Amino acid sequence: MSNKKNWPLWEIFVRSKNGLEHRHFGSLHAADADMALENARDVYTRRNEGVSIWVVESKHITASNPENNGELFEPAQDKVYRHPTFYDLPDEVKHM
Amino acid sequence: MSEEQIKNLEKQFEERIARDEKIEPKDWMPEKYRKTHIRQMSQHAHSEIVGMLPEGNWITRAPSLRRKVALLAKVQDEAGHGLYLYSATETLGVSRDELYEQLHSGKAKYSSIFNYPTITWADMGAIGWLVDGAAIINQVPLCNTSYGPYARAMIRVCKEESFHQRQGYEIMMKLAKGTPEQKEMAQDALNRWWWPSLMMLGPTDDVSVHTEQSMKWKLKRKSNDDLRQQFIDQTVPQADLIGLTIPDPDLKWNEERQSYDFGEIDWDEFWQVVKGHGPCNKERMKARVGAWERGEWVRDAAMAHAEKKQKRQEKQAV
Amino acid sequence: MKNENLYNYILGIADNSLILGQRMGELCGHGPTLETDIACTNISLDLFGQVRSYYQYAAKIAGDDRTEDDIAMLRKEREYKNVLLVEQPNTDFAYTIGRQFLFDVYHLAFLAELQKSNDLTLSAIANKCIKEVSYHERFSSDWVKRLGDGTEESNQKMQAAINDLWTYTDELFHQTEADKAMVAEGVGVDVTQLKEKYYKQVNELLKEANLEIPESKWFQKGGKEGIHTEHLGYLLSDLQYMQRTYPNMEW
């Protein structure tokens, strides 16, 4: 393999219509951000899938490590008082 | 990590898959899982990209504007699908350029069907109807495979491919209903593409090497022979409907099995093509390598421009 | 034909998109990257979409039993009215981009005027096409900049393409008899009025892309009158192959 610089990888986020959040659609290669936007338009919105696109170079994403999932996410599991079903109310109470 | 620790991790890993949990890129995975997935996913991506060539061959000669735009859109989708699949493969820590190298050096395989020539317009119909038909049978179960990025790519692929087979069948239908010359063209294409399409679903179960492990990892949900039977059972009535004849004298309905019995497949031909000696293996590779090499200065230029632009912007900011 | 001038005028517009779409379509599966391949096919698809609208309208005006495909595929070489620029081959990616760019700048300006046509069908088609063509122009301009500014090799290749294609630019602003008649009726666009702005815009972009503006004052013309370069015949043999080999059939 040559030591040539290849087009970097970009992550593509598309808002499918106003009112919805941008969602991760996939990735692609592009030389720069402008090209990434154009490529994303041609690759991921050919069937009218979007009204707005975000592109982020993949190397700029910091991801949590699944090995830490225990300490990161499990402590939230037993905090049931954050959910409405934790609170007992008589059936007669309406609109709550 | 000790051997026992690894064994333990592997056991947990297999249990997660058995529970239908998805595996995501950063999760721990056995090396064999990673390697098998890189192989199968890149092979799938290569098939999409090489698969553009036999159909691309007819874009400039499509018989009507309506057919031309449909064919262009279809071949373009194949580029898109290759792209989705390469991207999904890249999540396993291999770059697209490395995958291309494997394809171009002949190390990686792609579906052998694309090594057959497209010599008449009816071949566009036969490919859409039969080849995409067989591909769909293979692909739909993969929407639920264990590796998250692969499953997500396949969902997108399957959604987009729904028009491909219809496009092909419509071409065949029109030809079959056309002049005697057109009908003959359609029958000729069916004759040439039928057996390669059956082979496309892979070697018979008794010689297929990867099946058991692949079943466990949900890379495969049904055996090659089952898929082939399903393909035949659904395709024969479609041929009947438009008055074309499946080129297999041994084909007949088996009341007891509620399925079609069919004739012997010429596996020697299959292995000949897989090993690189099909009618168009060399042309296909030459086209792919040629496009890549001719594009090198373009890719370099885009990178050089991006870097210069960034430097200029940084300078301005100072 | 009652509306012969209008018919010929529509063909003059449509043939440009047909031939350029065909050229772009040739690249499908052979682009420098997958992403670029997909983008070029999108341009081709846009152009063929436009072509169908124009020919369907032309077929209606012809008023005989000709279809869009008859008009697109069953004329003789001398009856195609596209400019010479769009039939030039895909010698390399710089030619593809250069051809696209030199046409897009014109095409966009042309459609902006055609939107004002008092022929409601034409102005509606222009209205739809202009969004597509705005994107084409952005795409090809960006690529001219990339290739012009990129490496020494890409700069040379882009310059060579611009130099070779330059000779076909002036024809964009020639008027045929049908053009003149249509302008007089408020249907057509007076292309002579677009010329100054065109060269200004093209020259600015070439400068930005580190490219020299060709100095040649010698230009080729003839496409609009059906006198083409040698390239068109081969393109037509592909385009017309099925219709010629199997006449009067439906596909």
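Just so we're clear, the structure is a prediction, and the values are computed from it rather than from any experiment. (Residues numbered from 1 in each chain as written. Chains lettered and ligands numbered in written order. Predicted model: local features only at pLDDT ≥ 70, side-chain atom pairs only at ≥ 80, totals over all residues. Heavy atoms only, no water.)

Colleague: How should I be thinking about the overall build of chain C in this particular structure?
Modeller: The number of helices and strands found in chain C is ten helices and zero strands. Ordered by position from N to C terminus, the α and β elements of chain C give α-α-α-α-α-α-α-α-α-α. Whereas a compact globule of 251 residues would reach a radius of gyration of roughly 18 Å, chain C reaches 18 Å, a difference of no more than 12%. When its C-alpha atoms are laid out on the principal axes, chain C stretches across 55 × 40 × 30 Å. Relative to its full complement of 251 residues, chain C shows a buried share of 61%. When contacts within chain C are restricted to residue pairs at least 6 apart in sequence, long-range pairs at least 24 apart make up 79% of them. (Helix = DSSP H or I, 4+ residues; strand = E, 2+ residues; numbered from the N terminus. Rg over C-alpha atoms; globule rule 2.2 N^0.38 Å. Buried < 20%, exposed > 50% of the residue type's maximum accessible area, 1.4 Å probe, protein only. Contact = heavy atoms within 4.5 Å.)

Colleague: I tried to follow the overall build of chain B on my own but got confused; where do I start?
Modeller: If you tally the helices and strands in chain B, you get twelve helices and two strands. The helix and strand sequence of chain B, counted from the amino end, reads α-α-α-α-α-α-α-α-α-β-β-α-α-α. Over its C-alpha trace chain B gives a radius of gyration of 22 Å, about what one expects of a compact globule, namely 20 Å for 318 residues. Relative to its 318 residues, chain B shows a buried fraction of 57%. Sequence separation of at least 24 residues holds for 77% of the intrachain contacts in chain B that already meet a minimum separation of 6. Accessible area for chain B stands at about 14300 Å²; split by element, carbon and sulfur atoms hold 52% of it. Seen as two clouds, the 46 positive and the 48 negative side-chain charges of chain B have centres 7 Å apart. (Areas by Shrake-Rupley, 256 points an atom, 1.4 Å probe, with all protein chains shown as cover. Lys, Arg positive; Asp, Glu negative; His and termini not counted. Charge placed at Lys NZ, Arg CZ, Asp CG, Glu CD.)

Colleague: Looking at this model, I keep getting lost on the pairing of strand β1 (residues 9-15) of chain A. Mind explaining?
Modeller: Both faces of the sheet carry side chains from a regular strand, because those side chains alternate between them. All names here are of chain A. Along β1, five of the seven residues are buried, which leaves the element largely enclosed by surrounding structure. In the sheet, β1 pairs with strand β2 (residues 22-29) via seven bridges, with the strands oriented antiparallel. Residue pairing across strands places W10 opposite L28, the latter belonging to β2. Linkage of β1 to β2, two consecutive antiparallel strands, is achieved through a turn of six residues, within which G19 is found at a positive phi near 105°. Sheet analysis places β1 next to strand β3 (residues 52-57), joined by six bridges and oriented antiparallel. Counted as the bridge partner of E11 is V56 from β3. (Pairing = 2+ DSSP bridges.)

Colleague: Can you walk me through the packing of aromatic side chains in this structure?
Modeller: Where two aromatic rings form a pair, the distance of their centres and the angle of their planes describe that pair. Inspection of the entire model under this criterion finds 28 aromatic pairs over all chains. Taking 4.9 Å as the distance between ring centres and 80° as the angle between the ring planes, the aromatic pair formed by F13 of chain B and Y33 of chain B counts as edge-to-face. Of this pair, F13 of chain B sits in helix α1 (residues 3-18) while Y33 of chain B sits in helix α2 (residues 31-56), and the two are 20 residues apart along the sequence. Take F13 of chain B and Y33 of chain B: they sit in the same class, and that class is buried. Clustering of aromatic rings is evident, with ring pairs tying together F103, Y106, F110, W166, F173, Y198 and Y199 of chain C. (Phe/Tyr/Trp six-rings, centres within 6.5 Å; stacked < 30°, edge-to-face > 60°.)

Colleague: What is the right way to look at the interface of chain B and chain C in this model?
Modeller: The figure often quoted for interface size is the accessible area lost as the parts come together. Taken together, the contacts link 49 residues of chain B with 48 residues of chain C. Applying the counting rule to chain B against chain C returns three salt bridges. Between E250 of chain C and K174 of chain B there is a salt bridge; the shortest N-O distance is 3.5 Å. Taken together, the links from chain B to chain C amount to 16 residue pairs in polar contact (both at pLDDT 80 or more). Mapped onto the side of chain B that touches chain C, the elements with two or more residues apiece are α2, α3 (65-90), α4 (96-104), α6 (148-176), α7 (180-200), α11 (281-294) and α12 (296-317) of chain B. Here the side of chain B that touches chain C is built from residues that sort into 27 nonpolar, nine polar and 13 charged. (Salt bridge = Lys/Arg side-chain N within 4 Å of Asp/Glu carboxyl O. Polar contact = N/O pair within 3.5 Å; in protein donor to acceptor, adjacent residues only side chain to side chain. Nonpolar A, V, L, I, M, F, W, Y, C, P; charged D, E, K, R; others polar.)

Colleague: Can you help me understand the packing of α3 of chain B against α6 of chain B in this one?
Modeller: Geometry of a packed helix pair, given as the angle between the helix axes and the separation of the axes. All names here are of chain B. At a closest axis distance of 10 Å, the pairing of α3 and α6 adopts a crossing angle of 160°. Classified by the angle their axes make, α3 and α6 are roughly antiparallel. Relative to α6, α3 is oriented so that their crossing is left-handed. Classifying every residue of the contact of α3 with α6 by side-chain character gives 13 nonpolar, three polar and nine charged. (Axes fitted to C-alpha atoms, helices over the stretch in contact; angles between N-to-C directions. Parallel < 35°, antiparallel > 145°, perpendicular 65-115°, else oblique. Left-handed = near helix turned anticlockwise from the far one by under 90°.)

Colleague: It is not clear to me how α3 of chain B should be interpreted in this structure. Could you clarify?
Modeller: Note that an α-helix has 3.6 residues per turn; residues three or four places apart therefore point the same way. With 26 residues, α3 of chain B should reach 38 Å at 1.5 Å per residue; the first-to-last C-alpha distance of 37 Å fits that figure. Most of α3 of chain B is tucked away: 23 of the 26 residues are buried. (Expected span 1.5 Å × (residues − 1).)

Colleague: Just to check I follow, could you spell out the interface of chain B and chain A for this structure?
Modeller: If you look at the interface, chain B gives 25 residues, while chain A gives 24 residues. Summing both partners gives a buried area of about 2100 Å² for chain B against chain A, and 52% of it is carried by carbon and sulfur. On the surface where chain B and chain A come into contact, there are seven salt bridges. Between D77 of chain B and R47 of chain A there is a salt bridge, with the nearest N and O atoms lying 2.5 Å from each other. Listing elements by their share of the side of chain B that touches chain A, those giving two or more residues are α3, α4, α6 and α12 of chain B. A per-element tally of the side of chain B that touches chain A places α12 of chain B first, with nine residues. For the side of chain B that touches chain A, the per-class residue count stands at six nonpolar, four polar and 15 charged. (Buried area = accessible area lost by both parts, 1.4 Å probe.)

Colleague: Honestly, the sheet that holds β3 of chain A in this entry has me stumped. Any pointers?
Modeller: Within a sheet, each strand pairs with its neighbour through backbone hydrogen bonds, oriented either parallel or antiparallel. Spatially, three strands are ordered β2-β1-β3 (chain A) in an open sheet, and the strand pairing comes out antiparallel. Unpaired on one side and paired on the other, β2 and β3 of chain A mark the two borders of the sheet. Strand-to-strand twist in this sheet, taken as the mean axis angle between neighbours without regard to direction, amounts to 25°. Contacts from α3 of chain B reach β1 and β2 of chain A within the one sheet, and its direction differs from that of β2 of chain A by about 90°.

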